[in-house]
Amino acid sequence: MVSRVIPVEPFDLVVFGATGDLARRKILPALFRRFCAGQIPDGTRIIGAARSEYSIAEYRDKLAADLKKNTNDALCDANVLAAFLQLVTYVPLDGSAETGWPALCERLSGRGGDERVQVFYFSVGPALFEPLAERLHSYGLTSAATRIVVEKPFGHDLASARDLNRTLASHFDEGQIYRIDHYLGKETVQNLMAVRFGNMLFEPLWNSQYVDHIQITVAETVGVLGREDYYERAGAMRDMTQNHLMQLLCLIAMEPPAKFDPDAVRDEKLKVIRALDPVEPYHIVRGQYAPAPGAVGRDLNYRETVGNQRSSTESYIALKTHISNWRWAGTPFYLRTGKRLKARSSVINVMFKDAPHSIFGEEAGRHANHLKIRLQPNEGITLSVTIKEPGPGGMRLMDVPLDMSFAEALGPEGSEPADAYERLIMDVVRGNQTLFMRGDEVEAAWGWTDPIIAGWQARGDVPKPYESGSAGPGDADLLLRRDQREWRGINP
Ligand code: NAP
């Protein structure tokens, strides 16, 4: 099945931080793939901006090399690549000073006036978010058709998130601010809403009467090398839990919105965050990766990587929380995320309760259904159902997966689902904020997170070491075992 391409009008997109890792690995390749799909029309202008002094030709050469590295070879036909590069220019510019801004204004002048959509993507460190917003305003680069995309981290705590929201709000309407969380752009995340609200099958069972518990796991194999300073200040709670895991939790737990429109969806997500119970200290496990016996390598050892032998920053977190509302009262939500774990895997497992009575007797075995939602790798959804073990030998039960892999089911052969950045950037151009976080959501998430962090800081908690390449600290298993439950395995 070939995905439908909805054309957009020509637009301008300025990528601040165009020489950085995110722009080179994700944003520009995403634009290129949309161009190849025929979605980016002639007349569109893509302007890279950063302090590095490149001419347009030099930047295009660099970009061509990046695109060859970061996109499928089959797309990089020389003519297509050349046509895309024609849309791209570069302006050396300092976001925290006045250098380069007149040149940017010049580049953006003409073509379509105030009607033309102009997107400014802040792919720079968070210290530059406010200076960029202020300069866009003071250089007259804002109109009703302006949209800004703000990368994470959105604040370091509630106070800083509020300050940032306030600054942005003094220059832009909320409808112009796109706080990006790329997890929300994943095909499976949107499918989660389609599965829940497009089928009669699941929603009647989607509550504490039928769901025993829910596990959300975001496991990474990479360490923090290359992002040491940022990570040492953030840790797994700020880097992953406050945003990505919280967003997934919201989508899993929210009530059906009245319609699939940005504010209706975000209102429901906000209600979930506001209904979250505070987390008890004994319901949190923090870990820090350390080398397995005999293993050597700086990036296997968190403290060595960040150059702080006394670091108390967590590279792993597991916690149990509850949502205090009618739907979820009594159903625990277990969240975990960590670096240097045994596999890269982002999965939500909805674990249903056992059938109330087994007509087959205990010897047949008991099998509860479970719905596994895979975000990466291999996006898809699996429902485990119970059937009879085939063959003679009496009635014994077993689980079989009903598996839907999106790459196999939905793409032309060999294709992958569109990358989250492709979808999200085009949503910005179309002016659809459904998959972006609203300011009050972000603040509510910090409001839940801040006391947890303050608690462990006040107690002087130190993260438990866990071996690089393992499933995390043993105490995380105890967190579930105390409730007679078990984590699902972390598998690629
Ligand atoms: P990065 O590799 O350090 O790139 C930073 C970019 O900002 C560079 O292009 C740099 O170019 C530019 N820059 C720095 N100071 C500037 C200034 N004063 N004026 C204009 N440009 C300036 O960082 P990144 O990894 O791309 O991350 C960018 C943002 O995305 C961060 O907020 C990060 O938290 C977020 N993010 C990144 C990832 C990722 O996978 N990398 C994932 C999620 C979120 P010059 O030195 O040439 O100025």
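- An unreviewed UniProt entry annotates the chain as Glucose-6-phosphate 1-dehydrogenase originating from Pseudophaeobacter arcticus.
- Its UniProt record, at the heading Function (unreviewed entry), says of the chain: "Catalyzes the oxidation of glucose 6-phosphate to 6-phosphogluconolactone."
- As its UniProt record puts it under Sequence similarities (unreviewed entry), the chain is described as follows: "Belongs to the glucose-6-phosphate dehydrogenase family."

1. Considering the pairing of strand 4 (residues 118–122)
Moving on, step 1. Burial runs high along strand 4: 5 of the 5 residues are buried.
Moving on, step 2. Burial along strand 4 is two-sided: Gln118, Phe120 and Phe122 and Val119 and Tyr121, pointing in opposite directions, are all buried.
Moving on, step 3. Bridging between strand 1 (residues 12–16) and strand 4 involves 5 bridges; their strand directions are parallel. Bridging across to strand 4, Asp12 finds its partner in Gln118.
Moving on, step 4. One crossover worth recording links strand 4 to the parallel strand 5 (residues 146–150) by way of helix 5 (residues 129–138), and it is right-handed.

2. Describing the nonpolar core
Moving on, step 1. If you look at the biggest cluster of nonpolar residues, it comprises 113 residues, and the most contacted ones within it are Phe84 and Val350.
Moving on, step 2. If you tally residues by element for this core, the top one is helix 8 (residues 228–253), at 14 residues.
Moving on, step 3. With residues near it in sequence (within four places) discarded, Val350 still touches Trp206, Val211, His213, Ile214, Ile252, Asn369, His370, Leu371 and Ile373.
Moving on, step 4. Val91, Cys105, Phe129 and Ala161 belong to the second largest nonpolar core, which has 30 residues in total.

3. Concerning the site of the ligand
Moving on, step 1. Near the ligand lie 22 residues; those nearest to it are Thr19, Asp21, Ser52, Gly95 and Val124.
Moving on, step 2. The fraction of the free accessible surface of the ligand (880 Å²) that becomes covered by protein chains is 75%.
Moving on, step 3. Counting residues per element, the shell around the ligand draws most heavily on helix 1 (residues 21–36), at 3 residues.
Moving on, step 4. Here the residues of the shell around the ligand sort into 8 nonpolar, 8 polar and 6 charged.

4. So, the pattern of salt bridges
Moving on, step 1. One pass over the structure, following the stated rule, counts 35 salt bridges.
Moving on, step 2. A salt bridge links Lys464 to Asp475; the nearest nitrogen and oxygen atoms lie 3.4 Å apart. In this pair, Lys464 is assigned in strand 15 (residues 464–467) and Asp475 in helix 14 (residues 474–481), connecting sequence segments 11 residues apart.
Moving on, step 3. A residue is classified by how much of its surface remains accessible, and Asp475, at 30% relative accessible area, is partly exposed.
Moving on, step 4. Note that Asp477 is salt-bridged to Arg481, the shortest N-O span being 4.0 Å. You can see Asp477 and its partner Arg481 sitting in helix 14, 4 residues apart, about one turn around the helix.
Moving on, step 5. Each of the salt bridges in this network shares a partner with another, and the network as a whole consists of Asp263, Arg266, Asp267, Arg438 and Asp440.

Cut-offs applied
- Residues numbered from 1 in each chain as written.
- Predicted model: local features only at pLDDT ≥ 70, side-chain atom pairs only at ≥ 80, totals over all residues.
- Heavy atoms only, no water.
- UniProt positions renumbered as here; feature names shortened; annotations may be inferred.
- Buried < 20%, exposed > 50% of the residue type's maximum accessible area, 1.4 Å probe, protein only.
- Helix = DSSP H or I, 4+ residues; strand = E, 2+ residues; numbered from the N terminus.
- Pairing = 2+ DSSP bridges.
- Right-handed = clockwise from strand over helix to strand, strands pointing away.
- Core = buried A, V, L, I, M, F, W, Y, C linked by side-chain atoms within 4.5 Å.
- Contact = heavy atoms within 4.5 Å.
- Near = heavy atom within 4 Å.
- Areas by Shrake-Rupley, 256 points an atom, 1.4 Å probe, with all protein chains shown as cover.
- Nonpolar A, V, L, I, M, F, W, Y, C, P; charged D, E, K, R; others polar.
- Salt bridge = Lys/Arg side-chain N within 4 Å of Asp/Glu carboxyl O.

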